[in-house]
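# Structural characterization, general
If you want the building blocks of each chain, they are given just below.
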Amino acid sequence: MKILVTGGCGFIGSHIVDELISNGHEVMVIDNLSTGLITNLNKSAYFCEVDFMTSEAERLIIEFQPEIVFHHAAQVSVQKSMFNPIDDATTNILGTIKLLEYCSNAGVKKIIYASSAAAYGNPNYLPIDEEHPIRPVSYYGISKHTPEQYIKTFCSTKELSFTILRYANVYGKRQDSTGEGGVIAIFLDRLLNKEVPIFFGDGEQTRDFIYVKDIVNANLFVINNGDNEVFNVSTGSGVSLNNLYDLMNKGLNTNISPKYERPRKGDILHSYLDNGKLRELGWSPQYSIESGLNDILDNLDK
Ligand SMILES: NC(=O)c1ccc[n+]([C@@H]2O[C@H](COP(=O)([O-])OP(=O)(O)OC[C@H]3O[C@@H](n4cnc5c(N)ncnc54)[C@H](O)[C@@H]3O)[C@@H](O)[C@H]2O)c1
């Protein structure tokens, strides 16, 4: 099958590309390398270094005629969204609307959209299911959720189906640790360099850490399942940063204490997501936090 992955040089997108290619699909990657890396790119992918919201991207998509589009390109930083909501909304909201038009003009059958648990904001109850109120506390949360509404309305009027996947906190190889990367990538980098990691808050905040291989499986699973539905993709349970850090210290045979600093604006205290809806369809996560971390540590040099 011909498949387009926007953001296919990024952390999650590149893992999806690898799996699609190893399953025999013909994959086009559109990425402007704003945060992604050329070294993440699978050599068998057809790569277009272009902004996904340009007319050049539209031309390339129409020429390639993908059946499925995985939309992962985005402004991904919560912090940046708070400083520059216009840039954030331009890429995440306007960009997705343009991509929908391009998909429709190219005869795409299905779009699979990478949304985020950031849409929920501070939870009313845990675990957060898909019916939980949407009350984002960051512009990023708003800009990841708003396209969901556009996708639903747009697809209801066209021959285009969709699946929306709301990810919990994803971790794994290729995650950026230099800037706004996930805490696991940042902690790992610090510990490997024998540096002290910084915790924003007291470390008792919980997150639902899902391994990137489970995210990849969920994406491939919804190629043929879950049309026109929204699903959480998560482990279903929360791990505190202090717990996570202990596991990492143990796995690396280090004993470095973190430094605690003031919590950051926009950060959510506790969050874990109910994954029952996607489980009912037949998907389930294969990695616990321990086995996911071990998989990373076992493959550090690869
Ligand atoms: N990492 C997580 O924990 C997480 C959680 C929830 C949702 N998501 C979503 O998953 C997707 C992928 O996130 P990631 O963590 O892999 O981030 P990432 O920064 O590694 O990947 C994003 C990719 O998109 C590319 N990109 C950005 N703007 C572009 C543009 N205008 N045109 C073309 N390419 C562009 C970047 O160069 C990069 O390769 C994003 O949509 C993000 O919102 C991620």
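Please refer to the structure higher up on the page.
Here's a quick rundown of the structure. Note that residues are indexed from 1 along each chain, following the sequence as it is written. The predicted nature of this model means local features are confined to residues of pLDDT at least 70 and side-chain atom pairs, given and counted, to a pLDDT of 80 or more, with totals for whole chains, interfaces and linings taken over all residues. Heavy atoms throughout the structure, all of them, feed into the side-chain values; hydrogens and water do not.

### Let's talk about the overall build of the protein chain
Strands here mean DSSP runs of E at least two residues long; helices mean DSSP runs of H or I at least four residues long; both are numbered from the N terminus. Secondary structure summary: the protein chain contains ten helices and 13 strands in total. Computed over its C-alpha atoms, the radius of gyration of the protein chain comes to 19 Å, within 12% of the 19 Å expected for a compact globule of 302 residues. Counting only C-alpha atoms and orienting by the principal axes, one finds that the protein chain spans roughly 55 × 40 × 40 Å. Areas reported as accessible are Shrake-Rupley estimates using a 1.4 Å probe. Residue values count occlusion only from the protein chains shown. As presented, the protein chain carries roughly 13700 Å² of accessible surface, and 48% of it is formed by carbon and sulfur atoms. On the protein chain, the mean spot of the 26 positive side-chain charges and the mean spot of the 37 negative ones are 2 Å from each other. Radius of gyration here uses only the C-alpha atoms, and the compact-globule reference equals 2.2 Å multiplied by the residue count raised to the power 0.38. By the counting rule applied here, Lys and Arg register as positive and Asp and Glu as negative, while His and the ends of each chain are not counted. Charge positions come from single atoms, namely NZ of Lys, CZ of Arg, CG of Asp or CD of Glu.

### Examining the nonpolar core
By size, the foremost hydrophobic cluster in this structure holds 56 residues, and its most contacted members are Leu20, Phe70, Val233 and Leu244. Residue contacts are counted whenever heavy atoms from the two residues lie within 4.5 Å of one another. Discounting residues that sit within four places of it in the chain, Leu20 has contacts with Ile3, Val5, His25, Val27, Phe70, Leu220 and Ile223. Ranked by size, the runner-up nonpolar core spans 28 residues in total, among them Ile30, Ile111, Phe154 and Cys155. The criterion is simple. A nonpolar core is a set of buried Ala, Val, Leu, Ile, Met, Phe, Trp, Tyr and Cys residues joined through side-chain atoms within 4.5 Å. Exposure is judged per residue with a 1.4 Å probe applied to protein chains only, and the accessible area is read against the type maximum: over 50% gives exposed, under 20% gives buried, and values in between give partly exposed.

### Focus: the pattern of salt bridges
When a carboxyl oxygen of Asp or Glu lies within 4 Å of a side-chain nitrogen of Lys or Arg, that pair is called a salt bridge. By the definition in use, this model includes eight salt bridges. The closest approach of N and O atoms between Arg59 and Glu63, which form a salt bridge, is 3.1 Å. Residue Arg59 and its partner Glu63 are located together in helix α2 (residues 55–64), separated by four residues, close to a single helical turn. Exposure remark for Glu63: the relative accessible area of 52% places this residue in the exposed category. Residue Glu148 pairs with Arg166 through a salt bridge whose shortest N-O separation is 2.7 Å. Of this pair, Glu148 sits in helix α5 (residues 139–156) while Arg166 sits in strand β6 (residues 161–167), and the two are 18 residues apart along the sequence. Each member of the pair, Glu148 as well as Arg166, carries the same accessibility label: buried. Connected through shared salt-bridge partners, Glu56, Arg59 and Glu63 make up one network.

### A closer look at the site of the ligand
Note on definitions. A residue lies near a molecule or strand when any single heavy atom of the residue is within 4 Å of it. Within the structure, the ligand sits among 27 residues, and Phe11, Asp31, Thr35, Tyr140 and Lys144 are positioned closest to it. As used in this structure description, the phrase polar contact means that two N or O atoms lie within 3.5 Å; if the pair is within protein, one of them must be able to donate a hydrogen and the other to accept it, and residues adjacent in sequence are counted only when both atoms belong to side chains. Thr35 is positioned such that a nitrogen or oxygen atom in its side chain is 2.6 Å from an oxygen atom of the ligand. Separating an oxygen atom of the ligand from a backbone N or O atom of Gly36 is a distance of 2.9 Å. For the ligand, the accessible surface in isolation is 820 Å², of which the surrounding protein chains cover 91%. Among the elements of the structure, α1 (11–22), β5 (110–116), α5 and β7 (169–171) are those that each provide at least two residues to the shell around the ligand. For the shell around the ligand, the element with the most residues is β5, which contributes three residues. In the shell around the ligand, the residues fall into 14 nonpolar, ten polar and three charged. Only Asp, Glu, Lys and Arg are considered charged in this grouping, and only Ala, Val, Leu, Ile, Met, Phe, Trp, Tyr, Cys and Pro are considered nonpolar; every other residue, Gly among them, is considered polar.

### Examining the sheet that holds β5
By this definition, two strands are paired if DSSP reports at least two bridges between them. Here seven strands make up an open sheet; going across it, the order is β3-β2-β1-β4-β5-β6-β11 and the pairing parallel. The sheet is open, and its two edges are formed by β3 (46–48) and β11 (229–233), each paired on a single side. On average, each strand axis in the sheet is tilted by 20° relative to the strand beside it, whichever way the strands run. Bridge count between strand β1 (residues 2–6) and strand β2 (residues 26–30): five bridges; the pairing is parallel. Pairing of Lys2 across the sheet is with Glu26, part of β2. Across the sheet, α2 lies against β1, β2 and β3, angled at about 175° from β2, the strand it touches most. Here an angle of 0 to 180 degrees is reported between the N-to-C directions of two axes, which are lines fitted to C-alpha atoms, with helices fitted over the stretch in contact.

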